[in-house]
Amino acid sequence: MNRITKLFKEKKNNILSIYYTAGYPGLGDTIAIANALEKAGADMLEIGFPYSDPVADGPVIQASSKHALDQGMDLNLLFEQLKELRKTVTIPVLLMGYVNPVLQYGVERFCEACAQVGVDGCIVPDLPMVEYEEFYKDTFLKYGLSNVFLVTPQTSVERIHKIDSLSNGFIYLLSSSATTGQNLQVSDTTAAYFSRIAAMELNNPTMIGFGISSKETFDKACKYANGGIIGTAFVKSLSSDKLNENIDAFMKMFRA
Amino acid sequence: MNYFVNEKGYYGDFGGAYIPEMLYPNVEELRQNYLKIIGDPSFQQEFHHLLKDYVGRPSPLYLAKRLSKKYNANIFLKREDLNHTGAHKINNTIGQILLAEKLGKKRIIAETGAGQHGVATATVCALRGLECVVYMGEIDIQRQAPNVARMKMLGAKVVSAVSGSKTLKDATNEAMRDWINNPVDTHYIIGSVVGPHPYPDMVSIFQSVISEETKKQLLEQTGNDQPDYVLACVGGGSNAMGMFYHFIDDEKVKLIAVEAGGKGVDTGFSAATTFLGKEGVLHGSRSILMQTADGQVVEPHSVSAGLDYPGIGPQHAHLFKTHRAKYVSITDDESLQAGLLCTQMEGIIPAIESAHALAYLEKMEFKGGENVVVCLSGRGDKDMDTYMKYFGF
């Protein structure tokens, strides 16, 4: 069983997933950060592979992506680094990034490399559902990879059901239609949207992301979904000196 | 061969809608409605009324006699430079603002390179009383100062894009981010035949008035609506698509798309996408783009801000791959010289973008008597600073 499926089978709430950009702050920090996060209580990891034109990202993740690219991060290097992943890391790991680097690497080759290094799934925000279904799904399934789709408050009920039927792993609920790094405001309409999704009794578990930056916002997310995803706030907290101490301090906010 | 969009939003291998879920509802709303709205007689009536009385269409098709003599062919200039706001861009913004109104949108965003599309968007927003935000690369803001001032005077907010190469590509990223963050009341007026389906098709339909008029004008002036050659410059490719549109299915008409070679295709300072690019995804569609082996988009270079873009629209990629149109490149120097030549032989100062198309005439060989249409997509007022520095006026 894929580690993502196993996680959601064993744990139903308060699941904490952390996003970080490969190659930031240090080019060689990918595995060290994964180890530190698992040790500090993260349930799942999303490792971003950087892209030059990240349209769904706010300034913090844009900057981390640019920094990583400037230092020489690419998919070849990332997969090389990830050969060490499963020597120590046991929690589920997803790769997150934009479709063009995957296309240039080769979809089949990308999926095969993910499976070889022990990556469990992918989040590719600009890969459309219809393209996934027609051209990618079989390859993803062949290599046992979960593909995670996003849902926003504007996504129609019909489309959410379609997304549910194509998902294997979890569904990524955006707190609002926004680029990454905004603050989560659970207004009445957001709460109604989260409740509406919860009431749909989807086949897949749900995680709320975009805008979670504190214990308070994480707890709010956990009220409506199986857990929360933290990206920008974590990336912002990283710095090259005292990497482990900083990660521990950040994670103590959520896993006291 | 079908050169136009199919029901799935593709031109052969190119097109589609590679967008994050946050953009899906807006793009889907457009996709479901654009043909219905554009086809509505009341829309057509208002669109053509504005093109005629506000933009000043039809734009003349001018037989450039001295250039014709020099090149030994009948060189016709399609005078999009005479449109209100000085370029072809307004054809599309008039169409899209009417469409945005029909969709009930209250706020308009746009990206701009040379500033022509930004000005055209700010203009129609002033005309219709809608809020307007234009994203423009920091470098372009510096090299196109008069257009920045025009947009501000028209009441638009000009936001500097400071990421990446700080040019058109990055302005487009910022506009897409704005749209993600404003998913309900905002319409994004993309200025070229790029972006997710249905944008390339929609923009080419609005720009197709260029070739529609050209055919009629050629028939009146020469007795034949079929030219031998049609030339246009290509950044994203909207004036070219408008200039090609009604000639695409007539394979006797040779289509020539002129890309910006920058300092030379092999110098590392170029925007000649079909020479340097590979298939991939940029700004929501599958097309040809300049990129590294790892799929990172390469920063292009052109003296002309309007051509300084690392991709081309998906329909262009299809016309290129099927060899329906010929894609060539012209350097910065060649374009500036051609701009000067047109100015001094015809009394028309062309935009540096359009001067790329003119420059290719130097490389063609004519038997004499061929009818050649060049899309003079914009006027050169905005480029005076560049011309002055280059020629030392």
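Calculation rules
Residues numbered from 1 in each chain as written. Chains lettered and ligands numbered in written order. Predicted model: local features only at pLDDT ≥ 70, side-chain atom pairs only at ≥ 80, totals over all residues. Heavy atoms only, no water. UniProt positions renumbered as here; feature names shortened; annotations may be inferred. Helix = DSSP H or I, 4+ residues; strand = E, 2+ residues; numbered from the N terminus. Buried < 20%, exposed > 50% of the residue type's maximum accessible area, 1.4 Å probe, protein only. Contact = heavy atoms within 4.5 Å. Pairing = 2+ DSSP bridges. 1 Å grid on protein atoms, 1.4 Å probe; cavity = no way out; pocket = protein on both sides within 12 Å on 5 of 7 lines; lining within 4 Å. Points joined across faces, edges and corners; volume = space filled by probe spheres on them. Phe/Tyr/Trp six-rings, centres within 6.5 Å; stacked < 30°, edge-to-face > 60°. Lys NZ or Arg CZ within 6 Å of the ring centre and 35° of its normal. Core = buried A, V, L, I, M, F, W, Y, C linked by side-chain atoms within 4.5 Å. Domains from an automatic or database assignment.

Asker: An account of the UniProt feature "modified residue: N6-(pyridoxal phosphate)lysine" (unreviewed entry) in chain B is requested, with residue identities and associated values reported.
Answerer: Residue and element names in this part refer to chain B. Per the UniProt record, "modified residue: N6-(pyridoxal phosphate)lysine" (unreviewed entry) is annotated on Lys89. Within the secondary structure, Lys89 sits in helix α4 (residues 89-102). Overall, Lys89 belongs to the buried group, its relative accessible area being 16%. Among residues more than four places away in sequence, those in contact with Lys89 are Gln116, His117, Ala120, Gly191, Ser192, Gln207 and Ser238.

Asker: Outline the pairing of strand β14 (residues 325-331) of chain B, supporting the account with residue identities and numerical values.
Answerer: All names here are of chain B. Across the 7 residues of β14, 5 count as buried, placing the element largely inside the fold. Looking at chain direction, strand β10 (residues 254-264) and β14 are connected through 7 bridges and run parallel. Bridging from a neighbouring strand, Ala260 pairs with Ile330 of β14.

Asker: An account of the layout of surface pockets is needed here, citing residue identities and associated values.
Answerer: In this structure, the largest pocket encloses a volume near 960 Å³. Among the secondary structure elements, those contributing two or more residues to the lining of the largest pocket are α8 (129-142) and α9 (157-166) of chain A together with α1 (24-39) of chain B. If you tally residues by element for the lining of the largest pocket, the top one is α8 of chain A, at 7 residues. Taken together, 24 residues make up the lining of the second largest pocket; nearest its centre are Ser52, Lys66 and Leu69 of chain A together with Gly164 and Glu299 of chain B. Contributions of two or more residues to the lining of the second largest pocket are made by α3 (59-71) of chain A together with α8 (168-181) of chain B. Per element, the largest residue contribution to the lining of the second largest pocket is 7 residues, and it comes from α3 of chain A.

Asker: I'd love a proper account of the packing of aromatic side chains, names of residues and values included.
Answerer: One pass over the full model with this rule turns up 25 aromatic pairs over all chains. Each member of the aromatic cluster is reached from another via a ring pair, and the members are Phe49, Phe79, Tyr105 and Phe110 of chain A. Over the ring of Tyr105 of chain A we find Arg109 of chain A, and its NZ or CZ is 3.8 Å from the ring centre. Lying across the ring of Tyr229 of chain B, Lys254 of chain B places its NZ or CZ 5.1 Å from the centre.

Asker: Let's hear about the nonpolar core: which residues, and what values?
Answerer: Judged by nonpolar contacts, the single largest core of 188 residues is most densely connected at Phe110 of chain A together with Phe244 of chain B. The residue makeup of this core includes at least three contributed by each of domain 1 (20-50 + 89-203) and domain 2 (56-87 + 208-391) of chain B. When neighbours within four sequence positions are excluded, Phe110 of chain A is seen to be in contact with Phe49, Leu75, Phe79, Leu95, Val102, Tyr105 and Cys122 of chain A. Residues Tyr229, Ala260, Ala338 and Phe366 of chain B belong to the second largest nonpolar core, which totals 30 residues.

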